[in-house]
Every structure is written in structure tokens, then in C-alpha cells.
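Residues per chain, in single letters:
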Amino acid sequence: MEILGYILAALVGISLGLIGSGGSILTVPILVYVMGVNPVLATAYSLFIVGSTALVGGIQNALLKKVDFKTVLIFGIPSIAA
């Protein structure tokens, strides 16, 4: 069952990477129903998994000069504040 969970997690990562959607909506059910993690703990794990993946992708794109930091400031600061 654990291998199925890893395969499903990889498929979620690939599909969400292609369409740019939020990963928590699919990560939590995989952690709860396939991997057998407690739902409250799965929510926290999901936040860490999706957040760290987004951070790595953001850093990679910043290093490749694909990030418009002016736009990041315009949208990022109000998002953090909200």
C-alpha cells in the first residue's frame, strides 16, 4: 500500500506541476486514505510538502532569471499580509 501511495504522490506532483494548481487538495486524501496518516497530521504534512516543493521551484526559477520580482512584491506582500 505504501508503494501505491508513493506512485499516487508522484502522479499528483506531475499533474499539478503541469497545470499549476494547489497540491494540498490531492495530497491530503492520499496521505489519509492510502498512507493511513491521521487527518490532522496529514494536513500539516501536506502544508510542508507543498510549501517546500513550491520553495524549491521558486528558487530554481529565480536562479534562471524567470521571476519578475516587481510583480512578486506587488502580489506577494499583500498576500502575506492577508
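Refer to the structure above for everything that follows.
Below is a short write-up of the structure. (Residues numbered from 1 in each chain as written. Predicted model: local features only at pLDDT ≥ 70, side-chain atom pairs only at ≥ 80, totals over all residues. Heavy atoms only, no water.)

Structural notes on the overall build of the chain
The helix and strand inventory of the chain stands at four helices and zero strands. When the helices and strands of the chain are listed from N to C terminus, the series reads α-α-α-α. Computed over the C-alpha atoms, the radius of gyration of the chain is 15 Å, more than 25% above the 12 Å expected from 2.2 N^0.38 for a compact globule of 82 residues. Over its C-alpha atoms, taken along the principal directions, the chain stretches across nearly 45 × 25 × 20 Å. Within the chain, the fraction of its 82 residues that count as buried is 15%. Residue pairs at least 24 apart in sequence account for 27% of intrachain contacts in the chain once pairs closer than 6 positions are excluded. Of the roughly 6,400 Å² of accessible surface on the chain, 75% is carried by carbon and sulfur atoms. (Helix = DSSP H or I, 4+ residues; strand = E, 2+ residues; numbered from the N terminus. Rg over C-alpha atoms; globule rule 2.2 N^0.38 Å. Buried < 20%, exposed > 50% of the residue type's maximum accessible area, 1.4 Å probe, protein only. Contact = heavy atoms within 4.5 Å. Areas by Shrake-Rupley, 256 points an atom, 1.4 Å probe, with all protein chains shown as cover.)

Focus: the side chain of Ser46
Note that Ser46 resides in helix H3 (residues 39-63). Note on Ser46: relative accessible area 1%, which makes it buried.

Structural notes on a nonpolar patch on the surface
Together, Ile3, Ile7, Leu11, Ile14, Leu18 and Ile19 give the surface a local cluster of nonpolar side chains, amounting to about 690 Å² of exposed area. In this fold, Leu11 is placed in helix H1 (residues 2-19). (Patch = residues over 30% accessible without salt bridge, like charges linked within 9 Å, V, L, I, M, F, W, Y side chains within 5 Å. Salt bridge = Lys/Arg side-chain N within 4 Å of Asp/Glu carboxyl O.)

A word on unusual backbone geometry
Of note in the backbone geometry, Lys65 takes a positive phi value of approximately 60 degrees without being a glycine. Residue classification places Lys65 among the exposed residues on the basis of a relative accessible area of 74%.

Structural notes on H3
Taking 1.5 Å as the rise per residue, H3 with 25 residues should run 36 Å; its terminal C-alpha atoms sit 36 Å apart, in good agreement. Regarding H3, its N-cap is Asn38, as a side-chain oxygen of that residue lies 2.9 Å from the backbone nitrogen of Val40 further along. Positioned one or two residues after H3, Lys65 has a phi angle of 60 degrees, which is positive. (Expected span 1.5 Å × (residues − 1). Polar contact = N/O pair within 3.5 Å; in protein donor to acceptor, adjacent residues only side chain to side chain.)

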